[in-house]
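Descriptive structure summary
Each chain is listed here by its residues.
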Amino acid sequence: MEEVIQCKNLTHYYGAKLVFENMNFTVKRGSIFGLLGKNGTGKTTTINILNGFLQPTGGECLIFGENTQALSPPTKAKIGFLMEGHIQYSFMNIFQIEKFYSAFYPDWKKEPYYELMKKLEISQKQKISKMSCGQRSQVALGLILAQDPELMILDDYSMGLDPGYRQLFIDYLSEYAKAERKTIFVTSHIIQDMERLIDDMVVLDYRSILLSMSPKKFMDSFKQYRFEFRNSPPELHKDEIIKNFDIIKNHATVYTFAARAEIENYLRSKQIQFVDLQEIPMSLESAFIGLTGKY
């Protein structure tokens, strides 16, 4: 399958501060790819490099085989970008803003835009300035869909959206992308939404990639075990087995890719007297927090 995005040994500094170093990932054609991470791990920095707004300190990113620092006009025309904040001309109404944007895109397809507006039950004469943040974001998405880009880059689309609008956004975007075989690169702080949307993901830690795999594989292999300890609080440390842990009173929780038997042997090797070891099911959001830590 063709790789639409390729980031190779990507490194960036802000002054003396390292954001990430030697970061590598690819995005396949027709897939929905999620870039996840806590605040400050470099999600928006990566978005800015992909769009050519920021030159990386080292390494390179390619989109459709071209370096993002020198994209040709035909390649730029294949990319739709939704930035955080959903900026629009608020004095226009639904009909006017569609006509305005259509003049800039020779392959403009208005049908997806008006289909989404119909789902929102918004009148064509309603002004952008009179809409909620959630409605404005849907207008922004509709305008991107009408551009008919091969690649959509969506930077934290969920800002200001209530659960209903997020659900609409995800359902419509997912159905459209699969039907039209579009490629989508998305970031979001709402991890629970990603479980239903993305095909592959990268989880960023400070300065590097923490994880790269599909959400399904991650959820199948990453485990949360909880147990009660009888002696003094165990001395647990992050290592090859324990990816993260919590200790509250006489209960401990560990997060790991190891199987139950391996965890039992590990705890015994550390002279930890434990009882009632249980595997606790997790959502993608819980697993994300378990992997990256609460703070």
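Reading guide: rules and limits
Residues numbered from 1 in each chain as written. Predicted model: local features only at pLDDT ≥ 70, side-chain atom pairs only at ≥ 80, totals over all residues. Heavy atoms only, no water. Helix = DSSP H or I, 4+ residues; strand = E, 2+ residues; numbered from the N terminus. Buried < 20%, exposed > 50% of the residue type's maximum accessible area, 1.4 Å probe, protein only. Contact = heavy atoms within 4.5 Å. Areas by Shrake-Rupley, 256 points an atom, 1.4 Å probe, with all protein chains shown as cover. Lys, Arg positive; Asp, Glu negative; His and termini not counted. Charge placed at Lys NZ, Arg CZ, Asp CG, Glu CD. Core = buried A, V, L, I, M, F, W, Y, C linked by side-chain atoms within 4.5 Å. Axes fitted to C-alpha atoms, helices over the stretch in contact; angles between N-to-C directions. Parallel < 35°, antiparallel > 145°, perpendicular 65-115°, else oblique. Left-handed = near helix turned anticlockwise from the far one by under 90°. Nonpolar A, V, L, I, M, F, W, Y, C, P; charged D, E, K, R; others polar. Expected span 1.5 Å × (residues − 1). Phe/Tyr/Trp six-rings, centres within 6.5 Å; stacked < 30°, edge-to-face > 60°. Pairing = 2+ DSSP bridges.

What about the overall build of the protein chain?
Across its full length, the protein chain carries 10 helices and 14 strands. Among the 295 residues that make up the protein chain, the fraction classed as buried is 49%. Pairs at least 24 apart in sequence give 67% of the contacts found in the protein chain among residues at least 6 apart. When the accessible area of the protein chain is evaluated, it comes to approximately 14,700 Å², of which 49% is carbon and sulfur surface. The averaged location of the 35 negative side-chain charges in the protein chain is 3 Å from the averaged location of its 35 positive side-chain charges.

Notes on the nonpolar core
Membership of the largest hydrophobic core comes to 53 residues, with the highest contact counts inside it found for I94, Y113, V139, L154, Y157, V186 and F218. With 8 residues, helix α6 (residues 163-180) is the single largest residue contributor to this core. Counting residues in each nonpolar core, the second largest holds 24 residues, with L10, V19, M23 and F185 among its members.

Digging into the packing of helix α3 (residues 94-102) against helix α4 (residues 110-120)
At a closest axis distance of 11 Å, the pairing of α3 and α4 adopts a crossing angle of 160°. Accordingly, the angle class assigned to the pair α3 and α4 is roughly antiparallel. Like other packed secondary-structure pairs, α3 and α4 cross with a definite hand, here right-handed. Contact residues: α3 offers I94, F95, I97 and E98, while α4 offers K110, Y113, Y114 and M117. Grouping the constituent residues of the contact of α3 with α4 by class yields 6 nonpolar, no polar and 2 charged.

Some words on helix α5 (residues 133-147)
Taking 1.5 Å per residue, 15 residues should reach 21 Å; α5 reaches 22 Å between its end C-alpha atoms and fits that length. In terms of burial, α5 is largely enclosed, as 13 of its 15 residues are buried.

Comments concerning the environment of P215
In this fold, P215 is placed in helix α8 (residues 215-221). Among the residues examined, P215 registers a relative accessible area of 6% and is labelled buried. If we skip the residues at most four places from it in the chain, P215 touches I198, D199, D200 and M201.

Considering the packing of aromatic side chains
Each aromatic ring pair is specified by the distance between its two centres and by the angle formed by the two planes. This structure, assessed with the given rule, holds 15 aromatic pairs. Through pairs of rings, three or more aromatic residues link up here, namely Y89, F91, F100, Y101 and F104.

Points about the sheet that holds strand β4 (residues 58-63)
Here 4 strands make up an open sheet; going across it, the order is β2-β1-β4-β5 and the pairing antiparallel. Edge positions in the sheet fall to β2 (17-28) and β5 (66-67), since each of these pairs with one other strand and no more. With 5 bridges connecting them, strand β1 (residues 3-14) and β4 associate as antiparallel partners. Bridge assignment links Q6 to a residue of β4, and that residue is L62. Lying on the sheet, helix α1 (residues 43-50) is in contact with β1, β2 and β4; it crosses β2 at an angle near 60°.

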